[in-house]
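# Examining the three-dimensional arrangement
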Amino acid sequence: MSEDVRLVAWVRGRVQGVGFRWFTRAKALEIGGLSGFALNLDDGRVQVVAEGARDGCEGLLDWLQGDDTPGHVDGVTEIWDTPRGGYDGFAIR
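Residues numbered from 1 in each chain as written. Predicted model: local features only at pLDDT ≥ 70, side-chain atom pairs only at ≥ 80, totals over all residues. Heavy atoms only, no water.

### Describing helix H1 (residues 20-31)
Heads up, the condition is: A run of DSSP states H or I qualifies as a helix once it reaches four residues; a run of E qualifies as a strand once it reaches two. Both are numbered from the N-terminal end. For a helix, the expected span equals 1.5 Å multiplied by the number of residues minus one. The rule is simple: take the accessible area with a 1.4 Å probe, protein chains only, and divide by the maximum for that residue type; under 20% is buried, over 50% is exposed, in between is partly exposed. To be clear, the arc concerns the directions from the helix axis to the C-beta atoms. When checking whether two residues touch, look at their non-hydrogen atoms; a contact exists if any pair is within 4.5 Å.
Counted at 1.5 Å a residue, the expected span for H1 with its twelve residues is 16 Å, and the 16 Å between its end C-alpha atoms agrees. Within H1 the residues assigned to the buried category are Phe20, Thr24, Lys27 and Ala28. The buried residues of H1 occupy one face: seen down the axis, they fall within an arc of 100 degrees. Turned more than 90 degrees away from the buried face of H1, the exposed residues are Trp22 and Glu30. In this fold, the buried residues of H1 make contact with strand S1 (4-14), strand S2 (35-40), strand S3 (46-53), helix H2 (54-65), strand S4 (72-81) and strand S5 (90-92). Phi for Gly32, located one or two positions after H1, is positive at around 85 degrees.

### A short note on the pattern of salt bridges
As a reminder, the rule being used: By convention in these notes, a salt bridge is any Lys or Arg side-chain nitrogen within 4 Å of a carboxyl oxygen on Asp or Glu.
A complete count under the given rule lists six salt bridges for this structure. Taking the shortest distance from any N to any O, the salt bridge between Arg45 and Asp43 comes out at 2.8 Å. Classification of Arg45 as partly exposed rests on a relative accessible area of 27%. For Glu58, the salt bridge identified is with Arg54, shortest N-O distance 3.9 Å. With Glu58 and Arg54 both in helix H2 and four residues apart, the pair spans about one turn of that helix. Judged by relative accessible area, which is 36%, Glu58 ranks as partly exposed. One network of salt bridges, with partners in common, ties together Glu3, Arg54 and Glu58.

The following block contains the structure:
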């Protein structure tokens, strides 16, 4: 069984106003077992926080870095941590 982790990712590019948060939530729900949120930041980036099994979080990160996202991703910066909990599902903020 995969260990539980916390992924925090900041996605740069044309990622606001294109449904990016909605599709991120849909992908997290498709992967299953992930909780967290996607949030538009004032500087134009989207912050994604996901907690759950490492393989699920890695799958979400792979999707964020891939070519199947809405808009255009120029890059993703991520950090890994221990889960903090407190999330009810995967939200759009």
